[in-house]
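Architecture at a glance
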Number of protein chains: 2
Amino acid sequence: MNAEKIPDIIIGRLPVYLRALQRMSDSGLKTTSSQELGELVGISAAQIRKDISQFGEFGKQGTGYSIAYLLDKLRGILKVDRIWEVALIGVGDMGRALARYQGFTNRGFQIVMIFDNDKSKVGQKIDNFTVEDSEKMVERLKSAGIKIAMLTVPAQAAQSVADKLLQAGVKSILNYAPISLNVPNTVKVQYIDPSIHLQRMTYYL
Amino acid sequence: MNAEKIPDIIIGRLPVYLRALQRMSDSGLKTTSSQELGELVGISAAQIRKDISQFGEFGKQGTGYSIAYLLDKLRGILKVDRIWEVALIGVGDMGRALARYQGFTNRGFQIVMIFDNDKSKVGQKIDNFTVEDSEKMVERLKSAGIKIAMLTVPAQAAQSVADKLLQAGVKSILNYAPISLNVPNTVKVQYIDPSIHLQRMTYYL
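Position labels on residues start from 1 in each chain and follow its written sequence. As they are written, the chains are lettered A onward and the ligands numbered 1 onward, keeping that order. Predicted model: local features are reported for residues with pLDDT of at least 70 only, side-chain atom pairs are reported and counted for 80 or more only, and whole-chain, interface and lining totals are derived from all residues. Only heavy atoms go into the side-chain values, all of them from the structure, while hydrogens and water stay out.

Looking at the sheet that holds strand 4 (residues 109-116) of chain A
All names here are of chain A. Which entries qualify depends on this criterion: Any two strands between which DSSP finds at least two bridges are classified as paired. Labels follow the DSSP assignment, with helices taken as runs of H or I lasting at least four residues and strands as runs of E lasting at least two, numbered in each case from the N terminus. Residues count as neighbours in contact if any of their non-hydrogen atoms are within 4.5 Å of one another. All axes here are fitted lines through C-alpha atoms, helices being fitted over the stretch that makes contact, and every angle between N-to-C directions spans 0 to 180 degrees.
If you walk across this open sheet you meet the six strands as 7-4-3-8-9-10, and the pairing is parallel. The open sheet has two free edges, formed respectively by strand 7 (132-133) and strand 10 (188-191), since each of these has just one partner strand. Two strands pair when backbone bridges link them, and strand 4 and strand 7 are joined in this way by two bridges, in the parallel orientation. For Asp-116, the partnering residue across the bridge sits in strand 7 and is Asp-133. Contacts from helix 6 (residues 137-144) reach strand 3 (84-89), strand 4 and strand 7 within the one sheet, and its direction differs from that of strand 4 by about 160 degrees.

What follows is the structure, encoded as structure tokens:
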């Protein structure tokens, strides 16, 4: 097994399996099958077996998967068997909503610092956070060794903030600004733009 | 050309092209090339030419694409040459942020009604909206002919709300709840779960 060679499309499905398995585990289930998991996530059982087999032998046909074991393995593969510290940049409505979002708990992430370039926002409290000045961002990220950032700044500011994130050593950006970012291919960007997601569906209406 | 046969993966890229072309147009550009567009969106020029050619002959090698013409065509293909009325269900932090989000303007969507099942929220104002009672949701959606909904309710409520949305005739759901929905294949669901997007990137760290 060479992890580097696993296609990105498979990696993309693993977090969905992980989320479903976590819910099964939370509801007290101990074992599952590719059929059952498939129905939960809307992916065929054959596809699930194929995806999971890329990483080794996790279950046997007929006996199913141990949920705890599979959870453990998937968390290890996705490297969310730890807590990643995350920086949030941009304190608009979306930034505030993310700062207060409870959905990162137990999924491998914790926001630890929040920045904005608007001096009237710097020093503001959002729950347990104090908004910090963007001017100090590069230094702060570097000294904390932050590798992951969420970008909730306006589109016109996104590229220049992203450039600073790279300078600070960030390797993964979750970009909420509605614009494609130019980054070297050693850096990963994921995009969340609700209009893009909606437009993917209107085609079928 | 048979629009029904265009692979979903191509449809998924068209909104990204549309967004980039819109930005080019906003900045006063009149024509572009697959190279230039490719650099903006991080997709190869060859892939872009191939994707666009699925829908007909939009440009000629060497002369490039008319941005206005391509915008017009892409909006037509994606059916965002109109304004779709959208319902928002769930008035938490994320629901409020979406209600106030300016990024739907000019992209084909307008939130027109907001629901919550919490009686203490019903009647509240969020900008120009008044939160309505979920109990009236099915009737309201039906009579307004709403086909698109955004779901920002807790995970444990998402499936039952989705079932009601289908009952009301909704065909496209943008689901912010961190759970996979069970829907018939005549209905499209897109998922926004920041933890899933982050987990897609940690694998590469």
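Regarding the nonpolar core
Put simply, the rule reads: Only buried residues count toward a nonpolar core. Its members are Ala, Val, Leu, Ile, Met, Phe, Trp, Tyr and Cys residues joined through side-chain atoms within 4.5 Å. To sort residues, take the accessible area from a 1.4 Å probe on protein chains only and compare it with the maximum for the residue type: under 20% means buried, over 50% means exposed, and anything in between is partly exposed.
Grouped together as the largest cluster of nonpolar side chains are 94 residues, with contacts concentrated most on Leu-14 and Met-150 of chain A together with Leu-14 and Met-150 of chain B. Non-local contacts of Met-150 of chain A, meaning those with residues more than four positions away in its chain, are made with Val-86, Ala-87, Leu-88, Ile-89, Leu-98, Phe-104, Ile-111 and Leu-174 of chain A together with Leu-198 of chain B.

Concerning the interface of chain B and chain A
What counts, and what does not: Buried surface area refers to the total accessible area, computed with a probe of radius 1.4 Å, that the two partners give up upon joining, counted for both partners together. Salt bridges are defined as contacts in which a side-chain nitrogen from Lys or Arg sits within 4 Å of a carboxyl oxygen from Asp or Glu. For the purposes of these results, a polar contact is taken to be a pair of N or O atoms within 3.5 Å, where, inside protein, one atom must be able to donate a hydrogen and its partner to accept one; residues adjacent in sequence count only when each atom of the pair is a side-chain atom.
Each partner contributes residues to the interface: chain B has 62 residues there, and chain A has 62 residues. Roughly 6100 Å² of surface becomes buried between chain B and chain A when both sides are summed, with 61% attributable to carbon and sulfur atoms. Counting across the interface, chain B meets chain A through eight salt bridges. Between Arg-200 of chain A and Asp-8 of chain B there is a salt bridge, with its nearest N and O atoms 2.8 Å apart. At the junction of chain B and chain A, the tally comes to 22 residue pairs in polar contact (both at pLDDT 80 or more). If you list the elements that add at least two residues to the side of chain B that touches chain A, you get helix 1 (8-26), helix 2 (34-41), helix 5 (93-100), strand 9 (148-151), helix 7 (155-167), strand 10 (172-175), strand 11 (188-191) and helix 8 (194-202) of chain B. No other element matches the nine residues that helix 8 of chain B contributes to the side of chain B that touches chain A.

Section: the packing of aromatic side chains
Stated formally: Pairing of aromatic rings covers Phe, Tyr and the six-membered ring of Trp, with a centre-to-centre limit of 6.5 Å; geometry is then stacked below 30 degrees between planes, edge-to-face above 60, and tilted otherwise. Criterion for a charge above a ring: Arg CZ or Lys NZ at most 6 Å from the ring centre, at most 35 degrees from the ring normal.
For the coordinates displayed, the defined rule picks out four aromatic pairs over all chains. Each ring, one from Tyr-101 of chain A and one from Phe-104 of chain A, has its centre 5.0 Å from the other, and the planes form 75 degrees; the classification is edge-to-face. Taking the relative accessible area as the measure of exposure, Phe-104 of chain A reaches 6% and is therefore buried. Aromatic pair Tyr-203 of chain A and Tyr-204 of chain A: ring centres 4.9 Å apart, planes at 90 degrees, arrangement edge-to-face. Lys-79 of chain A extends its terminal NZ or CZ atom over the ring of Tyr-203 of chain B, reaching a point 5.9 Å from the ring centre.

Thoughts on the relation of the copies chain B and chain A
Which entries qualify depends on this criterion: Least squares is the method for superposing the copies, and the C-alpha atoms it fits come from residues with pLDDT of at least 70 in both.
Here chain B sits on chain A after a turn of 180 degrees about the axis and a move of 0.0 Å along it, with an RMSD of 0.0 Å. Taken together, these values place the two copies in the relation of a two-fold axis. In this assembly, 100% of the residues forming the interface of chain B have copies in chain A that are likewise at the interface, indicating an isologous arrangement.

Looking at the sheet that holds strand 10 of chain B
All names here are of chain B. The strand order across the open sheet built from six strands is 8-5-4-9-10-11, with neighbouring strands paired in parallel fashion. Across the chains shown, the open sheet's two edge strands, defined by having one partner strand only, are strand 8 (132-133) and strand 11. One ladder, built from six bridges, connects strand 4 (residues 84-89) with strand 5 (residues 109-116); its direction is parallel. Bridging across to strand 5, Ile-89 finds its partner in Phe-115. The strands that helix 6 (residues 137-144) touches are strand 4, strand 5 and strand 8; relative to strand 5, the one it contacts most, it runs at about 160 degrees.

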